[in-house]
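Examination of the molecular architecture
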Amino acid sequence: QAFGLITSYHLFSAVKDKVMELVVFDQARAINMFVACTDKIGVAHVVGQLKTKREVVYKYLDVLFDKDPRAGANFHEMQVELYADFDQTKLL
């Protein structure tokens, strides 16, 4: 319900600095919300807040790439490194 409220009431500015907390609360929903709302909370902002959790960054960038390969273009080099660490099959 929390993610629905954030989206419905456009509370992105209230949660933009709570990326990690939302991921801890519900990783899959948080990632999906951040991917759907890159115009509200930028990719660089999300990656910056998650940088200590490489596996979460990998999951976020992977879902983002599936939605729009160009959206995370500034992070493609990092994404290749993350694929090497977490899912080598995506490199082939």
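Above this text sits the structure in question.
First, a word on scope: everything that follows refers to the structure included in this document. (Residues numbered from 1 in each chain as written. Predicted model: local features only at pLDDT ≥ 70, side-chain atom pairs only at ≥ 80, totals over all residues. Heavy atoms only, no water.)

1. Topic: the environment of Leu5
- Position of Leu5 among the secondary structure elements: in helix α1 (residues 2-8).
- Here Leu5 falls in the partly exposed class, since its relative accessible area comes to 43%.
- Not counting residues up to four positions away in its chain, the partners in contact with Leu5 are His10 and Leu11. (Helix = DSSP H or I, 4+ residues; strand = E, 2+ residues; numbered from the N terminus. Buried < 20%, exposed > 50% of the residue type's maximum accessible area, 1.4 Å probe, protein only. Contact = heavy atoms within 4.5 Å.)

2. Some thoughts on helix α6 (residues 54-67)
- The terminal C-alpha atoms of α6, which comprises 14 residues, lie 20 Å apart, in line with the 20 Å expected from a rise of 1.5 Å per residue.
- Along α6, the residues that are buried comprise Val56, Val57, Tyr58, Tyr60, Leu61, Asp62 and Leu64.
- Buried positions along α6 lie against α3 (19-25), α4 (27-36), α5 (43-50) and α7 (76-86). (Expected span 1.5 Å × (residues − 1).)

3. A closer look at the packing of aromatic side chains
- One pass over the full model with this rule turns up three aromatic pairs.
- Measuring from centroid to centroid gives 6.0 Å for Phe3 and Phe25, while their planes differ by 35°, and the two rings are tilted. Of the two residues, Phe3 is situated in helix α1 and Phe25 in helix α3; the sequence distance between them amounts to 22 residues.
- Classification of Phe25 by relative accessible area gives exposed; the value is 60%.
- Residues Tyr58 and Tyr83 carry aromatic rings whose centres are separated by 5.8 Å and whose planes lie at 80° to one another, so their mutual orientation is edge-to-face. Of this pair, Tyr58 sits in helix α6 while Tyr83 is found in helix α7, placing the two residues 25 residues apart along the sequence.
- By way of ring pairs, the aromatic residues Tyr58, Tyr83 and Phe86 are connected into one cluster. (Phe/Tyr/Trp six-rings, centres within 6.5 Å; stacked < 30°, edge-to-face > 60°.)

4. Notes on a nonpolar patch on the surface
- A cluster of nonpolar side chains, namely Leu5, Tyr9 and Leu11, defines an oily patch on the protein surface of about 310 Å² accessible area.
- When its relative accessible area of 35% is taken as the criterion, Leu11 is described as partly exposed. (Patch = residues over 30% accessible without salt bridge, like charges linked within 9 Å, V, L, I, M, F, W, Y side chains within 5 Å. Areas by Shrake-Rupley, 256 points an atom, 1.4 Å probe, with all protein chains shown as cover. Salt bridge = Lys/Arg side-chain N within 4 Å of Asp/Glu carboxyl O.)

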